[in-house]
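Residue-level listing of the chains:
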Amino acid sequence: MTGKVIYRPAVFADVEALYHLLSAYAKEGLMLPRARSVLYENLRDFVVAEVDGEVVGAGALHFLWDKLAEVRSLAIAPEWAKKGLGREIVRRLEEDGRKFGVTMFFALTYQPGFFTACGYERAEKEMVPQKVWKECVYCPKYPDCDEIAMIKHIV
Ligand SMILES: CC(C)(COP(=O)(O)OP(=O)(O)OC[C@H]1O[C@@H](n2cnc3c(N)ncnc32)[C@H](O)[C@@H]1OP(=O)(O)O)[C@@H](O)C(=O)NCCC(=O)NCCS
């Protein structure tokens, strides 16, 4: 047992761990649940944090439009929270996004303080109409979504 955190792209074998990590926080209403089929379909979006063979954190970068990408499904196991894993996963997702030329990152969240600490600013959801019209309209909360939009422009 090294206790060393390894960050890497997600693989098929991670889907069960991702499913349980996200479902636990979805049950608390902190994030949207993701079906296993959606996790398989979007597996290449995910970066995971692994300790001694166990997935203890994850996050995904989902392309939505020209140079626009959403940071989503960001979750750190409670016993590993507040140790810098969330920030490192967001940094790596942004690094991947920049390689594709992403210039605007955004997230919908109940944790604006965390994203502020990662250099994001509050914004109006209307700034990302592609998200609203492609996904929000299918969300049970729509149009009374109480999540906060956070945005980071890369110049
Ligand atoms: C929110 C979450 C992803 C943060 O990850 P984490 O690994 O605990 O955060 P980090 O340790 O990387 O924190 C980075 C910075 O953000 C701050 N921070 C972390 N969580 C915060 C929160 N909920 N509110 C305000 N600031 C927060 C930390 O204090 C740290 O600040 P510092 O660098 O100035 O010390 C994690 O707590 C989590 O999985 N929460 C439950 C699921 C969830 O809400 N996911 C977000 C969905 S968008």
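Everything numeric here is computed off the predicted structure, so don't read it as measured data.

**Student:** Please clarify how the pattern of salt bridges should be interpreted in this entry.
**Tutor:** Close approach of charged atoms lets side chains of opposite charge pair. Counted under the stated rule, the structure contains 10 salt bridges. Between E50 and R8 there is a salt bridge, with its nearest N and O atoms 2.7 Å apart. Within this pair, whereas E50 is found in strand 2 (residues 46–51), its partner R8 is found in strand 1 (residues 5–9), the two being separated by 42 residues in sequence. For E50, a relative accessible area of 15% gives the class buried. One salt bridge connects R36 with E16, and the closest N-O pair in it is separated by 2.6 Å. Pair noted here: R36 is in helix 2 (residues 36–41) and E16 is in helix 1 (residues 15–27), with a separation of 20 residues, a long-range link.

**Student:** Would you mind showing me how to read the state of the cysteines here?
**Tutor:** Simply put, disulfide is the name for a covalent bond between the sulfur atoms of two cysteines. Per the counting criterion, the structure on display carries 0 disulfides. In this structure C118 is not part of a disulfide, and its nearest cysteine sulfur, from C145, lies 20 Å away. The class for C118 is buried, based on a relative accessible area of 10%.

**Student:** Just checking my understanding: could you explain the site of the ligand for this structure?
**Tutor:** Taken together, 18 residues surround the ligand, and among them L74, I76, K82, G84 and R87 come closest. The backbone of K83 places a nitrogen or oxygen atom 3.2 Å from an oxygen atom of the ligand. Within the backbone of G84, an N or O atom sits 2.7 Å from an oxygen atom of the ligand. Residue contributions to the shell around the ligand peak at 4 residues, all from helix 4 (residues 112–117). Looking at the shell around the ligand residue by residue, the classes come out as 10 nonpolar, 5 polar and 3 charged.

The rules behind each value
- Residues numbered from 1 in each chain as written.
- Predicted model: local features only at pLDDT ≥ 70, side-chain atom pairs only at ≥ 80, totals over all residues.
- Heavy atoms only, no water.
- Salt bridge = Lys/Arg side-chain N within 4 Å of Asp/Glu carboxyl O.
- Helix = DSSP H or I, 4+ residues; strand = E, 2+ residues; numbered from the N terminus.
- Buried < 20%, exposed > 50% of the residue type's maximum accessible area, 1.4 Å probe, protein only.
- Disulfide = S-S within 2.5 Å.
- Near = heavy atom within 4 Å.
- Polar contact = N/O pair within 3.5 Å; in protein donor to acceptor, adjacent residues only side chain to side chain.
- Nonpolar A, V, L, I, M, F, W, Y, C, P; charged D, E, K, R; others polar.

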